[in-house]
Amino acid sequence: MALVGRFFVILFAFLAACFVAGMIVVGAVLYPEFSDLGGGPIDQGALDVVLGFGFIFLSGFALLPALVVVLITEAFYIRSVLAYAVGGAIVGAACYLGLVPFDPETLTFDGIVRRHLEIMTGAGIVAGLVYWLIAGRTAGAWREPAPPIKPLPPLPSQSRPFS
């Protein structure tokens, strides 16, 4: 039963991490002028739609690479925050490089935009940290046996048993 519960914790943590990464990517790619504090108001309805698409986009592309990281950390009881940050960075970079055309003759990626790669890698790091906060701190806990039940202390010599 602990494994089924752990599965739901992992699923919730993955969705929360994808949502946070989607917010970062959408905010950094579509609104680079956020660094300018004099920007005007943003239409909240349009932002909600764009964030929803960013979440769906990232969760679809990040599922398999993130699943590999989750399986490794669960199998080897890896609970280090640094491992999840590095894993998230690798997943973020892999998601971006999966969309960039690859030239097999020269073994290079064509058309890498360095800023976009940095945004995806940074979003992956933050997503890894969010995942660690929800599920990573207890990775592999479902494999630990339940603590043994301590026997009751002996009854005093003058006591009568319950009937």
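Reference entry: report on the structure contained in this document. It should be emphasised that the depicted structure is a prediction, and the values quoted were computed from it without experimental measurement. (Residues numbered from 1 in each chain as written. Predicted model: local features only at pLDDT ≥ 70, side-chain atom pairs only at ≥ 80, totals over all residues. Heavy atoms only, no water.)

Remarks on the packing of helix 2 (residues 44-75) against helix 3 (residues 81-97)
Item 1. In the contact formed by helix 2 and helix 3, the axes pass within 9 Å of each other and the chain directions differ by 155°. By the angle between their axes, helix 2 is roughly antiparallel relative to helix 3. For the pair helix 2 and helix 3, the crossing hand works out as right-handed. Of the residues in helix 3, those in contact with Phe61, Ala62, Pro65, Ala66, Val69 and Thr73 of helix 2 are Tyr84, Gly87, Val91 and Cys95.
Item 2. Looking at the contact of helix 2 with helix 3 residue by residue, the class counts come to eight nonpolar, two polar and no charged. (Axes fitted to C-alpha atoms, helices over the stretch in contact; angles between N-to-C directions. Helix = DSSP H or I, 4+ residues; strand = E, 2+ residues; numbered from the N terminus. Parallel < 35°, antiparallel > 145°, perpendicular 65-115°, else oblique. Left-handed = near helix turned anticlockwise from the far one by under 90°. Contact = heavy atoms within 4.5 Å. Nonpolar A, V, L, I, M, F, W, Y, C, P; charged D, E, K, R; others polar.)

Looking at the pattern of salt bridges
Item 1. In the structure shown here, the tally under the stated rule is two salt bridges.
Item 2. The closest approach of N and O atoms between Glu74 and Arg6, which form a salt bridge, is 2.6 Å. One end of the pair, Glu74, is in helix 2; the other, Arg6, is in helix 1 (residues 2-30), with 68 residues separating them in the sequence.
Item 3. Relative accessible area serves as the criterion here: at 6%, Glu74 is assigned to the buried category.
Item 4. Here Glu118 makes a salt bridge to Arg114, at a shortest N to O gap of 2.9 Å. In this pair, Glu118 and Arg114 are both assigned in helix 4 (residues 114-134), four residues apart and thus about one turn of the helix distant.
Item 5. Classification of Glu118 by relative accessible area gives partly exposed; the value is 46%. (Salt bridge = Lys/Arg side-chain N within 4 Å of Asp/Glu carboxyl O. Buried < 20%, exposed > 50% of the residue type's maximum accessible area, 1.4 Å probe, protein only.)

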